[in-house]
Amino acid sequence: MLIATYNRVRALLLPAVVLLLTPSLSPADAIPVELRKTGEGWRLLRGGEPYFIKGAGGTERLAKLAAAGANSIRTWAADDIGDKLDEAHSLGLSVTVGIWLGHERHGFDYDDEEQVREQFERARQTVLRYKDHPAVLIWGIGNEMEGFESGDDPAIWSAVNDIAAMIKEIDPAHPTMTVTAEIGGGRIASVNKFCPDIDIHAINAYGGVASLPQRYVEGGGTKPYIITEFGPAGAWETATTDWGAPLELTSTEKAAAYRRAYELAVTVAPGLALGSYVFLWGHKMEATATWFGMFLEDGSRLAAVDTMTELWSGKPPADRAPSVQPLALEGASSLEPGDELRVRAKVADPEGRPVSVRWVLRPEPDEFSTGGDFRPNMPDIEGAILHGDARAARVRMPDDPGSYRLFLYAYDEAGNAATANVPLLVKGEVGKVRLPLSVYHDGLEGMRWVPSGWMGNMGALSLDGEYPENPHAGTACIKMRYEGEFGWVGVAWQHPENNWGDQDGGFDLGEAAYLEFWARGEYGGEKIKAGVGLLGEDKQYPDSGITSVDGIVLKREWQRYRVPLKGLDVSSIKTGFVVTLTGRRSPVTIYLDSIRYVR
């Protein structure tokens, strides 16, 4: 790498008893954080006092987090977090500031010196901007950037250590850590060998978290660790149905999993574990709409919040979430189109108060293990629930073959909730899609293709799929902004997510004659290229057809544009929409809406 390495030899020769420079060298406004090794093991000191991390991942509902007894939050990136640092500090919360590093599955190339140099500079600017803030606790350099295979690429770890060494030079008052996806493969050895300037090995662990302390030591781990994500076993770790749908725990079962993880991997390893960040203090669509979030989208608290409140503060909340048992089907989970299903439920409120329920049937996403990448929520299927109460439900299955999931939501009067779900299958061959078929309409929720294929100068690109101002139709449109000077960027809508030709997928668009979309520019005169398909025959799973229209000049007002599909093979379109634009001396902003295939 061409990036200057910040005297790794000096770092290796520092006394083992104190890894950071003395607090007197830290800025006046910062609270110095020190990592110290004593006869009893590693300890974290903040402002000279012992500091054990009782934290959560996420930046929302911070007042509730502080009230629950937590003392820290973790972010995955540092984009415009100044206000969150201020809010956290006002509530007595520290912040492990995440510095996002590129993932190769997203197109980042650690052998590309220019990309690595630009990433290094972005990290440096982040540290310079926030290092003096009193809320800063630790710099978290990257999150699972090593990928999900062996995780031992020296180029990745050298880039990580270059950033860590730079941080030690300009901010000696805060430790450095890097976050890996569990500890298998070459992760421990790589962090030990290539990252002498990384102080803490941070680990995201789910199904195997209980055995983590033993496995970490047996694997050669020498640095202290922080568990930066933990929760119920992931969709990649659980049992599945005959058709491959993962079986999800109820919210009551998940609360027990959170407790077990905390007690067996965090509190039992004093001198090695510096604390943890529970995942996720918020709501997120990942595998399903309820798999990892400790809250529902409407803000209702789930039983995991009760559990962590007790573990952090020493006492449970006064009003706890309802409990729910696994749903029980009367009959098979694999049904014919239009069949009626009966399912039984058992819900209870710990305080004996009334509980209301909501039943929802949704289609399943196309894949469940997305590595934490954004996934749109799946839409509710209207008319599927024939009857539902706290004891049972009757459901009419859709006519379209495919995978579905039935959800039960139970609510008490104090803002608490419980969830349970069961996967279902409608038998039959999944055929051509029905037209018109939307690629985008009123937000990303429920869309078949995902805008995951970012290309070009990605660091200067932003995309807001829920932009509410002046949409062409409905309530939202897409805002795409490129702040690079010249160069180019592009976004591909992919199925499945991040499909660069190494995954099967796509849809048969049948008699589609056009891809049509509406677009406008911020000022007018912006030029774009739009098309269908991207993956050529050199890929294992190519698009069945590729076409595009170049030289489209946008106006300030919404205009409709069409990409003709006549004569194109649309039997397996994995890249449903592609748009590219080139930069100018000033930022380029375009808006897109109502993207769909029509006859």
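What counts as what
Residues numbered from 1 in each chain as written. Predicted model: local features only at pLDDT ≥ 70, side-chain atom pairs only at ≥ 80, totals over all residues. Heavy atoms only, no water. Buried < 20%, exposed > 50% of the residue type's maximum accessible area, 1.4 Å probe, protein only. Helix = DSSP H or I, 4+ residues; strand = E, 2+ residues; numbered from the N terminus. Arc of directions from axis to C-beta. Contact = heavy atoms within 4.5 Å. Salt bridge = Lys/Arg side-chain N within 4 Å of Asp/Glu carboxyl O. Pairing = 2+ DSSP bridges. Core = buried A, V, L, I, M, F, W, Y, C linked by side-chain atoms within 4.5 Å. Axes fitted to C-alpha atoms, helices over the stretch in contact; angles between N-to-C directions. Parallel < 35°, antiparallel > 145°, perpendicular 65-115°, else oblique. Left-handed = near helix turned anticlockwise from the far one by under 90°.

J.: What should I look at first to understand helix H6 (residues 187–194) in this one?
T.: An α-helix turns once per 3.6 residues; consequently, residues spaced three or four apart project the same way. By the burial criterion, the buried members of H6 are Arg187, Ile188, Ser190 and Val191. Within H6, the buried residues cover an arc of 165° as seen down the axis, which keeps them to one side. Packed against the buried residues of H6 are helix H5 (154–170), strand S8 (176–181), strand S9 (200–204) and helix H7 (212–218).

J.: Please clarify how the pattern of salt bridges should be interpreted in this entry.
T.: This structure, assessed with the given rule, holds 29 salt bridges. Note that Arg124 and Glu121 form a salt bridge whose closest N and O atoms lie 2.9 Å from each other. You can see Arg124 and its partner Glu121 sitting in helix H4 (residues 113–130), three residues apart, about one turn around the helix. In this structure, Glu483 and Arg481 form a salt bridge, with 3.0 Å as the shortest nitrogen-oxygen distance. Here the salt bridges share partners, and the residues they tie into one network are Glu516, Arg560, Arg562 and Arg596.

J.: So what exactly am I meant to see when it comes to the sheet that holds strand S3 (residues 49–50) here?
T.: A sheet is described by the order of its strands in space; here three strands give the open sequence S1-S2-S3, paired in antiparallel fashion. Only two strands of the sheet have a single neighbouring strand rather than two, namely strand S1 (33–38) and S3. Where strand S2 (residues 41–46) and S3 come together, two bridges link them in antiparallel fashion. Paired with Leu45 across the strands is Pro50, a residue of S3.

J.: Can you help me understand the sheet that holds strand S18 (residues 385–388) in this one?
T.: One key point about sheets: their strands pair by backbone hydrogen bonds, in either a parallel or an antiparallel sense. Strand order in the open sheet formed by four strands is S13-S15-S19-S18, and the pairing between neighbours is antiparallel. With one partner strand each, in any of the chains shown, strand S13 (328–329) and S18 form the two edges of the open sheet.

J.: Is there a simple way to think about the nonpolar core in this case?
T.: Nonpolar side chains in soluble globular proteins tend to be buried together. If you look at the biggest cluster of nonpolar residues, it comprises 66 residues, and the most contacted ones within it are Leu65, Tyr110, Phe230, Trp281, Met294, Met308 and Trp312. Among the elements that take part in this core, H5 stands out by supplying nine residues, more than any other. The next biggest cluster of nonpolar side chains, apart from the first, holds 40 residues, and it includes Leu509, Leu515, Val563 and Ile595.

J.: In this structure, what is going on with the packing of H5 against H6? I would like to understand it.
T.: Packed helices, taken two at a time, are described by their axes: the angle between them and the distance between them. Between H5 and H6, the shortest axis-to-axis distance is 9 Å and the interhelical angle comes to 50°. Between H5 and H6, the angle falls in the class oblique. The two elements H5 and H6 meet at a crossing, and its hand is right-handed. Seen from H5, the contacting residues are Pro154, Trp157 and Asn161; seen from H6, they are Ser190, Val191 and Phe194.

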